[in-house]
Amino acid sequence: MFGDMMNMMSKLKESQQKIEETKSRLKTVLIDESSSDNLLNITATASGTIKSLNIDDELLSDKDQLEDYLILTLNKVLEKANNIKETELAAAAKEGMPNIPGLDNFM
C-alpha cells in the first residue's frame, strides 16, 4: 500500500511538471485571427497574450467601426486561445495522472 501511495505521489509530481511545461509552451504557440474582410488582423499566444495588431487605414477613420472590429476579433482570438489552452492542459494533466478508480468520471 505504501509503495502504491509513493507511486501515486510520483505520478502527481510528473503531472504537475507536465502541466508547467505545457503552460510555458503555450506562451510560444501563436494564433492568428482576422476580421471577415481582413481589415483587422490579430496575433495572440495560446496563453492569451496579444502579440500583434494590424489595423487597415480604412478603419482608422471610423472610431465606432474600429471598436466593433476590435471587440469581435479580440474575442474570437482569445476564445481560440482559451480552447487550445484548456485542451492542452487537460491532456497534460490526464497523461501524468495515476490510475485512480473513478477519476475518469471527473475529467
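So, here is what we can say about the structure in this document. (Residues numbered from 1 in each chain as written. Predicted model: local features only at pLDDT ≥ 70, side-chain atom pairs only at ≥ 80, totals over all residues. Heavy atoms only, no water.)

### Regarding the overall build of the protein
Rule in force here: Going along the chain from the N terminus, every DSSP run of H or I of four or more residues is numbered as a helix, and every run of E of two or more is numbered as a strand. The classification of residues rests on relative accessible area computed with a 1.4 Å probe and restricted to protein chains. Under 20% of the type maximum is buried, over 50% is exposed, and intermediate values are partly exposed. Any two residues whose heavy atoms approach within 4.5 Å at even a single point are treated as in contact. The protein chains shown are the only cover counted for residues, whose accessible areas, like all others here, come from Shrake-Rupley with a 1.4 Å probe.
Looking only at helices and strands, the protein has 2 helices and 3 strands in total. Tracing the protein from N to C terminus, the helices and strands come up as α-β-β-β-α. Looking at the protein as a whole, 21% of its 107 residues are labelled buried. Counting contacts in the protein only where the partners sit at least 6 residues apart, residues at least 24 apart contribute 50% of the total. As displayed, the protein has an accessible area near 7600 Å², and 53% of this comes from carbon and sulfur atoms.

### Observations regarding the nonpolar core
To keep things clear, this is the line we draw: Here, the term nonpolar core denotes a set of buried Ala, Val, Leu, Ile, Met, Phe, Trp, Tyr and Cys residues that are joined through side-chain atoms within 4.5 Å.
Among the nonpolar cores identified, the biggest contains 12 residues, and these are L26, I31, L39, L40, I42, A44, A46, L59, L66, Y69, V77 and A81. The dominant element in this core, judged by the number of residues it contributes, is helix α2 (residues 63–96), at 4 residues. In contact with L39, other than residues within four places in its own chain, are N54, I55, D56, E58, L59 and Y69.

### Thoughts on the side chain of S15
Going by this rule: Counted as a polar contact is a pair of N or O atoms within 3.5 Å, where, for protein atoms, one must be capable of donating a hydrogen and the other of accepting one, and residues adjacent in sequence contribute only when both atoms are in side chains.
Among the structural elements, S15 can be located in helix α1 (residues 2–26). Here A93 takes part through its backbone oxygen, which lies 3.2 Å from a polar atom of the side chain of S15.

### Topic: a negative patch on the surface
So the rule is basically this: The residues that make up patches have over 30% relative accessible area and no salt bridge, and they are joined within 9 Å when like-charged or within 5 Å when they are Val, Leu, Ile, Met, Phe, Trp or Tyr. The term salt bridge refers to a pairing of a side-chain nitrogen on Lys or Arg with a carboxyl oxygen on Asp or Glu at a separation within 4 Å. Here Asp and Glu are counted as negative and Lys and Arg as positive; His is not counted, and neither are the chain ends. Here the site of a charge means NZ on Lys, CZ on Arg, CG on Asp, or CD on Glu.
On the surface, a cluster of negative charge is contributed by D37, D56, D57 and E58. Within the fold, D37 resides in the loop between β1 (30–34) and β2 (40–45). Since its relative accessible area comes to 35%, D37 is described here as partly exposed.

### Things to note about the pairing of strand β3 (residues 50–55)
Counted only if it meets this: Note on pairing: two strands pair once DSSP finds at least 2 bridges between them.
Bridge analysis of β2 against β3 gives 5 bridges, and the strand direction is antiparallel. Paired with T43 across the strands is S52, a residue of β3. The hairpin turn running from β2 into β3, its antiparallel successor, is 4 residues long, and G48 in that turn takes a positive phi close to 95°.

### Focus on the sheet that holds β3
So the rule is basically this: Note on geometry: axes are C-alpha line fits, over the in-contact stretch for helices, and angles between N-to-C directions span 0 to 180 degrees.
Spatial strand order, β1-β2-β3: 3 strands in an open sheet with antiparallel pairing. Across the chains shown, the open sheet's two edge strands, defined by having one partner strand only, are β1 and β3. With direction set aside, neighbouring strand axes in the sheet form an average angle of 10°.

### Thoughts on the environment of S34
Position of S34 relative to the elements: it lies in strand β1. With residues near it in sequence (within four places) discarded, S34 still touches L40, N41, T73 and K76. Only 2.4 Å separates the side chain of S34 from the side chain of N41, close enough to count as a polar contact.

### Regarding the pattern of salt bridges
Overall, the coordinates contain 5 salt bridges when judged by the stated rule. Taking the shortest distance from any N to any O, the salt bridge between K76 and E33 comes out at 3.6 Å. Taken together, the residues K76 in helix α2 and E33 in strand β1 connect sequence positions 43 residues apart. Assessed through its relative accessible area of 9%, E33 is described here as buried.

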